[in-house]
Amino acid sequence: MAVLHTKAVTVILSVTVLLGLLYLSQYYRVSLSFEEKWKTVEAGRTDVVTVTPWLAPVVWEGTFNPFLLDSIYKRKNITIAATVFAVGKYIMFLKDFLQTSEEHFFVGFRVDFYVFTDRPNEVPKVNMAAGRMLTVRSVPSSNRWQEISARRMEIIQNLIEKKLQNRADYIFCLDVDSKFHGRWGAESLGGLVAVIHPGYYRDDRSRFPYERSPASNAYVAPGEGDFYYCGGAFGGLVEEVHLLAKTCRKNFEDDAKRGIEAAWQEESHLNRYMWINKPSKVLSPEYLWQDFKPKNPEVQIIRFSGVIKNYANIRPN
């Protein structure tokens, strides 16, 4: 009887995993076969949370098979767009960002980078691999870094509407004052993709810096929320990110008309959006660490990280 019980438990667990994979498949524009989904799952981790309550995977080192994922997605002939904003003195970080992206970000895939800057003549020349493209677009400067942050959603929305809807499959929006240290690849693809903030992933939800003013469209009430997500790295299918950007832009502008500015600008609005519209894939803090933080034991690899800097020297206010 004990043997039968063990087999029954094994069958139930296997069916649960497979049903979860089938559920998540609806968020892939590039559909994977049943066999492909099964093969890309690794044995997993027991020291970290690897599945959200709504059955979205939380991606950590050791939870995916990189070789099989790459082989599957490279056959799909997909294009990944990436946006980065290098406004004002932030242009100084662009060279490292671009050079390290060539070493680690979707290597072997077709990638289109879009750099938005008020200093187009200072964009560094970086040798890019075949199939990878860099486009520079001018944007106005600003006397307040908060305004630069706030405009990003509007610019991303317009880029998708005017350029990307028929050109790219996925888009990732990344902070320029960061650099890549390790692989960032097909394991990150999903419908709506969020990155857990490295500063709060060990904290209780009550300590998350959500916007707490009920007057703001970014409001998250006490007791609500799932994770606290980074504003410096998010992405997913082009149509999903378009909806996110359009919604966050509208909510931000509605707040501004009433003289309200959320505590963390676009990041506050992004967290509100992700609370209501659950991401279909969540990336661990490996995907946006902070260089000033020591690496915790559960962080086996740092893939992308914000560099150490003096904000007083680079921000306009």
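Parameters at a glance
Residues numbered from 1 in each chain as written. Predicted model: local features only at pLDDT ≥ 70, side-chain atom pairs only at ≥ 80, totals over all residues. Heavy atoms only, no water. Helix = DSSP H or I, 4+ residues; strand = E, 2+ residues; numbered from the N terminus. Buried < 20%, exposed > 50% of the residue type's maximum accessible area, 1.4 Å probe, protein only. Contact = heavy atoms within 4.5 Å. Areas by Shrake-Rupley, 256 points an atom, 1.4 Å probe, with all protein chains shown as cover. Salt bridge = Lys/Arg side-chain N within 4 Å of Asp/Glu carboxyl O. UniProt positions renumbered as here; feature names shortened; annotations may be inferred. Core = buried A, V, L, I, M, F, W, Y, C linked by side-chain atoms within 4.5 Å. Phe/Tyr/Trp six-rings, centres within 6.5 Å; stacked < 30°, edge-to-face > 60°. Pairing = 2+ DSSP bridges. Axes fitted to C-alpha atoms, helices over the stretch in contact; angles between N-to-C directions.

### Things to note about the overall build of the protein
Move 1: What the protein contains, in helices and strands, is eight helices and eleven strands.
Move 2: Burial analysis of the protein (317 residues in total) assigns 51% to the buried set.
Move 3: Counting only contacts in the protein whose residues sit at least 6 apart along the sequence, the fraction spanning at least 24 positions is 74%.
Move 4: Entry remark: accessible area of the protein is about 15,000 Å², with carbon and sulfur atoms responsible for 54%.

### Quick word on helix H4 (residues 94-104)
Each full turn of the α-helix corresponds to 3.6 residues, which orients residues three or four apart in the same direction.
Move 1: Those residues of H4 lying buried are Leu94, Phe97, Leu98, Thr100, Ser101, Glu102 and His104.
Move 2: Backbone geometry just after H4 places Phe106 at a positive phi near 45°.

### Notes on the pattern of salt bridges
Move 1: Enumeration according to the criterion identifies 18 salt bridges in this entry.
Move 2: A salt bridge links Arg183 to Asp70, with the nearest nitrogen and oxygen atoms 2.8 Å apart. With a gap of 113 residues between them, Arg183 in the loop between strand S6 (178-180) and strand S7 (192-196) and Asp70 in helix H3 (residues 66-74) connect regions that are remote in the sequence.
Move 3: When the shortest N-O distance is used, the salt bridge between Asp112 and Arg167 registers 2.9 Å. Of this pair, Asp112 sits in strand S3 (residues 110-117) while Arg167 is found in the loop between helix H5 (145-164) and strand S5 (170-175), placing the two residues 55 residues apart along the sequence.
Move 4: You can call Asp112 buried: its relative accessible area is 4%.
Move 5: Looking at Arg167, the relative accessible area reads 37%, which means it is partly exposed.

### Topic: the UniProt feature "binding site: Mn(2+)" (unreviewed entry) in the protein
Move 1: The UniProt record marks Asp175 and Asp177 with the feature "binding site: Mn(2+)" (unreviewed entry), using the residue numbering of this structure.
Move 2: With respect to the helices and strands, the residue Asp175 is situated in strand S5.
Move 3: A relative accessible area of 22% places Asp175 in the partly exposed class.
Move 4: For Asp175, the residues in contact, after removing those within four places along its chain, are Val84, Phe97, Arg152, Gly232 and Phe304.

### Some words on the nonpolar core
Move 1: With 42 residues, the main nonpolar core has Leu94, Phe97, Phe105, Phe106, Phe172, Leu174 and Trp184 as its most contacted residues.
Move 2: Broken down by secondary-structure element, the contributors of at least two residues to this core are H3, strand S2 (79-86), H4, S3, S5, S7 and strand S8 (229-237).
Move 3: In terms of residue count, S2 provides more of this core than any other element does, four residues in total.

### Concerning the side chain of His242
Move 1: Tracing the backbone through its elements, the reader meets His242 in helix H6 (residues 238-257).
Move 2: For His242, the contacting residues outside a window of four places in its chain are Gln157, Ile160 and Glu161.

### Considerations on the packing of aromatic side chains
Aromatic ring pairs: the centre-centre distance and the angle between the two ring planes describe each pair.
Move 1: Inspection of the entire model under this criterion finds 24 aromatic pairs.
Move 2: For the ring pair Phe180 and Trp184, a centre distance of 6.1 Å and an interplane angle of 75° mean the geometry is edge-to-face. With respect to burial, Phe180 and Trp184 carry one shared label: buried.
Move 3: Measuring from centroid to centroid gives 6.0 Å for Phe227 and Tyr229, while their planes differ by 50°, and the two rings are tilted. Here the two residues Phe227 and Tyr229 agree in accessibility, since each one is buried.
Move 4: Grouping aromatic residues by their ring pairs yields a cluster made of Phe97, Phe105, Phe106, Phe109, Phe113, Phe172, Phe180, Trp184, Tyr287 and Phe304.

### A few points about the sheet that holds S2
Move 1: Taken in spatial order, the eight strands of this open sheet run S1-S9-S7-S8-S5-S2-S3-S4, and their pairing is mixed. A single partner strand is all that each edge strand has here, and the edge strands are strand S1 (58-59) and strand S4 (132-138).
Move 2: Bridging between S2 and S5 involves six bridges; their strand directions are parallel. For Thr83, the partnering residue across the bridge sits in S5 and is Cys173.
Move 3: Set on the sheet, helix H7 (residues 265-276) makes contact with S7 and S8; between it and S8 the angle comes to about 50°.

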